[in-house]
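Listed here are the chains, written in short residue letters.
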Amino acid sequence: MKRYDILDGFRGYFLVFMLVNHLAFQGGSLVARFNHAELGYVQDAQGFIFISGLIVGLYYARGYLKGNAAATDRKLLARCWLLYRYSLALVAFVFALAFVLPGAEVWWGAYFPEFFRDAVTTTIGAALLLYQPTFMDILPQYILYILVSPFLIRLVLNGRADLVIAASIVCWLTVQFGHHVPMIAGIEALGQAIDSDFITRAAFKPMAWQILFVGGLVIGCGITAGTLDLDAWFSPRRRALFAVAVGLVLLFLVYRLGFTLGYLPEDVGNRFLAHDNRNEFSLVYLVNFIALGYAMTWILRCGGESDSVFLRALAGFMHRLFGLGFLRFIGQHSLQVYAYHVGLIYLVFILDRRYGPLSEPLKAAITVAGVASLWIPAWLHARYRESAAAMPKRAASA
């Protein structure tokens, strides 16, 4: 594989299980139970945002290091504009269907209830990225993070990674202590002064989830600039740190299975749940992500040289898994695949509510077909790029 091909494999893997987990069949789906999210508190959206920040640091830091700061700024702004157009297209697609389909409120009323009370105000809020229907949170977040990336990359490359990390932690803590609530209330008060039906809506709190993107960006910039020595952190000599990470992963596994199987004492479970808030990316999710991320990276980099037969086999399996051509291909076109998966989720929801409850074999067949169909937007986008790249050559030839 090329240097960063495995990152495309990771993105493809996250997209696959994002679709599997988002297909909300009545009564749940048995096939959806077979995924990593059932074994801890690391989920696909977290990995997707972290990898996005990592790739921004790896790729765009090169432009600044080569002295092409202005051109790189323009590329990042162009990326924001592209993401915004995709976000608008998704909202327009779903809202248009909700407007014309007679049973839309019954099917999607819980996904964006305000639209059915005041479609105009809700649409304006969505255009301002202040209102997000269910499953559409990542793109607006990503836009916000990309907008501040030129500033963050400059700071990291100028030796102020510590300042970037500290500011990111403060933002995360702001949400954990609830200081973001008056900020949101203030935005809603301003909007309601114009229209009483105005409201903000988003599942994820960007000020908390940014810690994933910023962490990835800092690591990516450090790798590109050569200031981050990965061998110092991930080497066979770091077995103790690897053991701590694995221990934490197993601890979260015990808690997760404890809630699922009901063997966790109530008082212990209540203490744990106080730090379990996915929307605010609370302490449980942050620590579990860091632990699993470190353990997986160590296995990928060092497991093949380990004296443990199990670790060598696990490292080989992970390299083969994330090196699968299908995963890498859809990961290379992640924006298009993500947008497609949102539309597919909403359409399957109609199918399930209109003709369901569906049988488990049919749910599994729809899920497998949906995963396979992720190849379609990736292929279409690849063909579009090939065509666009060939146009100047054809024009010159003519």
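Predicted model, so just to flag it, every value in this text is computed and none were measured.

S.K.: Could you give an account of the overall build of the chain, naming the residues involved and the relevant values?
M.R.: Within the chain, the regular secondary structure consists of 18 helices and 0 strands. Its C-alpha atoms give the chain a radius of gyration of 22 Å, within 12% of the compact-globule value 21 Å for 398 residues. The principal-axis extent of the C-alpha atoms belonging to the chain is close to 70 × 65 × 45 Å. A buried classification covers 46% of the 398 residues belonging to the chain. Summarising the internal contacts of the chain: among those between residues at least 6 apart in sequence, 77% fall at separations of at least 24. About 20000 Å² of surface is accessible on the chain, with carbon and sulfur atoms providing 67% of the total. Separation between the mean location of the 32 positive side-chain charges and that of the 24 negative ones in the chain comes to 11 Å.

S.K.: I'd like to hear about the nonpolar core, residue by residue, with values.
M.R.: Membership of the largest hydrophobic core comes to 109 residues, with the highest contact counts inside it found for Val-56, Trp-108, Phe-112, Trp-209, Phe-281 and Tyr-346. Once residues lying within four places of it in the same chain are set aside, the contact partners of Trp-108 are Val-94, Leu-97, Ala-98, Leu-101, Phe-116, Tyr-346, Phe-349 and Ile-350.

S.K.: Could you give an account of the confidence of the model for the chain, with specific residues and numbers?
M.R.: Per-chain confidence: the chain averages 90 in pLDDT, with 97% of residues scoring 70 or above. The weakest mean pLDDT in the chain belongs to helix H18 (residues 375–397) at 80; the strongest belongs to helix H7 (residues 161–176) at 95.

S.K.: Summarise the packing of helix H11 (residues 239–261) against helix H13 (residues 283–302); cite the residues concerned and give the values.
M.R.: Packing of H11 against H13 brings their axes to within 8 Å, and their N-to-C directions diverge by 130 degrees. Here H13 runs oblique to H11, going by the angle between their axes. Judged by the sense of rotation from one axis to the other, the crossing of H11 with H13 is left-handed. Taking contact as the criterion, the partners of Arg-239, Leu-241, Phe-242, Ala-245, Val-246, Leu-248, Val-249 and Phe-252 in H11 are, on H13, Val-284, Val-287, Asn-288, Ala-291, Leu-292, Tyr-294, Ala-295, Trp-298 and Ile-299. When the residues that make up the contact of H11 with H13 are grouped by side-chain class, the tally is 15 nonpolar, 1 polar and 1 charged.

Reading guide: rules and limits
Residues numbered from 1 in each chain as written. Predicted model: local features only at pLDDT ≥ 70, side-chain atom pairs only at ≥ 80, totals over all residues. Heavy atoms only, no water. Helix = DSSP H or I, 4+ residues; strand = E, 2+ residues; numbered from the N terminus. Rg over C-alpha atoms; globule rule 2.2 N^0.38 Å. Buried < 20%, exposed > 50% of the residue type's maximum accessible area, 1.4 Å probe, protein only. Contact = heavy atoms within 4.5 Å. Areas by Shrake-Rupley, 256 points an atom, 1.4 Å probe, with all protein chains shown as cover. Lys, Arg positive; Asp, Glu negative; His and termini not counted. Charge placed at Lys NZ, Arg CZ, Asp CG, Glu CD. Core = buried A, V, L, I, M, F, W, Y, C linked by side-chain atoms within 4.5 Å. pLDDT = per-residue confidence, 0-100. Axes fitted to C-alpha atoms, helices over the stretch in contact; angles between N-to-C directions. Parallel < 35°, antiparallel > 145°, perpendicular 65-115°, else oblique. Left-handed = near helix turned anticlockwise from the far one by under 90°. Nonpolar A, V, L, I, M, F, W, Y, C, P; charged D, E, K, R; others polar.

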